Amino acid sequence: MDVNADRRFDIVLFDLGSTLIYFDGIWNDVMTQSIRELAKSLQKAGFNIQADTFVPQFQDRLRSYYIERDKEYIEFTTEYILYLLLEDLGFKNFESKIIRPCLDVMYSVTEAHWHVEPDAIPTLQTLQNEGYKLGLVSNAADLWNVYRLLDKNNLRSYFQLVLVSASIGIRKPHPRIFLMALDHWKARPSQAVMIGDTLSADILGARQVDIASVWINRW
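Values in this document were obtained by computation on a predicted structure and should not be read as measured data.

Asks: Explanation requested: helix 8 (residues 175-184) in the structure shown.
Replies: One turn of an α-helix holds 3.6 residues; hence residues three or four places apart share an orientation. For helix 8, the set of buried residues is Ile177, Phe178, Ala181 and Leu182. Down the axis of helix 8, the sector holding all buried residues measures 145°, keeping them to one side. Where helix 8 is buried, its residues contact strand 1 (11-14), strand 4 (133-138), strand 5 (161-164), helix 7 (165-168), strand 6 (192-196) and helix 9 (199-208). Just beyond helix 8, the residue with positive phi is Lys186, at close to 55°.

Asks: Just checking my understanding: could you explain the nonpolar core for this structure?
Replies: Burial of nonpolar side chains together is a common tendency in soluble globular proteins. Residues Phe14, Leu16, Leu20, Leu134 and Phe159 are the most contacted members of the largest nonpolar core, which totals 28 residues. Every element with two or more residues in this core is listed here: strand 1, strand 2 (21-23), helix 5 (120-129), strand 4, helix 6 (143-152) and strand 6. No other element matches helix 6, which puts four residues into this core. Listed in part, the 25 residues of the second largest apolar core include Ala39, Ile49, Val55 and Leu103.

Asks: Would you take a moment to explain unusual backbone geometry for this structure?
Replies: Comment: phi is negative for the bulk of residues other than glycine, and the bulk of peptide bonds are trans. Residue Pro173 is bonded to the preceding Lys172 through a cis peptide linkage, with omega at 15°. Tracing the backbone shows Pro173 in the loop between helix 7 and helix 8. At Ser18, a residue that is not glycine, the phi angle is positive and equals roughly 70°. The exposure class assigned to Ser18 is partly exposed, which follows from its relative accessible area of 32%. The backbone of Tyr73 shows a phi angle near 65°, a positive value even though the residue is not glycine. Tracing the backbone shows Tyr73 in the loop between helix 2 (51-72) and helix 3 (78-88). Residue Tyr73 is classed as partly exposed on the basis of its relative accessible area of 29%.

Calculation rules
- Residues numbered from 1 in each chain as written.
- Predicted model: local features only at pLDDT ≥ 70, side-chain atom pairs only at ≥ 80, totals over all residues.
- Heavy atoms only, no water.
- Buried < 20%, exposed > 50% of the residue type's maximum accessible area, 1.4 Å probe, protein only.
- Helix = DSSP H or I, 4+ residues; strand = E, 2+ residues; numbered from the N terminus.
- Arc of directions from axis to C-beta.
- Contact = heavy atoms within 4.5 Å.
- Core = buried A, V, L, I, M, F, W, Y, C linked by side-chain atoms within 4.5 Å.

Honestly, it's all geometry; don't read function into it.
What follows is the structure, given as C-alpha cells:
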C-alpha cells in the first residue's frame, strides 16, 4: 500500500492477529493444549479439579461466550469467564489474583505460535518515519496476552495507542472502539484509515463511523 500517494490520512489503525502477526499451528489443537496447561496450573494453585473434566467444561464455556459476544459485541475477559466457571464448580471466596498466573501459563502456549509477518515491521517503520500516528485496535479477551504478543514480536514501540477490547468491554465492529481511537488524537474520521484482515470487524466496523479501510487478505 502506497500511503504517501494520498496524504490525507494522519492516523493509521492496525488490527493485530492475522494482520501484523500470523499463527503457525492448528488453532483447536493448540487451544486444547493451552487449556490443559491451565488445568495443571490451577491444580498447583490448590484447586481440586480433574483435567479431563475441566478441559471440556472450560471449552464449552468459551464456545457459549463466543456466540453471545458476536451478537452484542460485549467483551468479557477470559479471566472473568474462568472465575465464573470455578465458582460454579464450587470454589468460593478465592481471590481472582490467584488465577492470573494460571492464565499466563495458558496463554504462553498460544503465544509461542504467533509470529510477526515479514512485511509488518518494515511497513510500521516506514509509516513512523513519515510521521503517521499509529494505533492498534485489537479484539482480544486478555490485555496482557496482547501486550506480550506485541513485545515478543517487537511491535509495541511503534504504537502511540493500543486499544484492546478486553480492557474496554466492547469489540470491533462496535462503533465505540473506533471512536475511542479517534478521540485519543481529537481527530475526525476522515483523518484515519483502518487496516485489518476481518471484513466484519475491521472493515465494516470502520466504515460504520466513516473511517476508510484497507482489507489485508493473506490467503
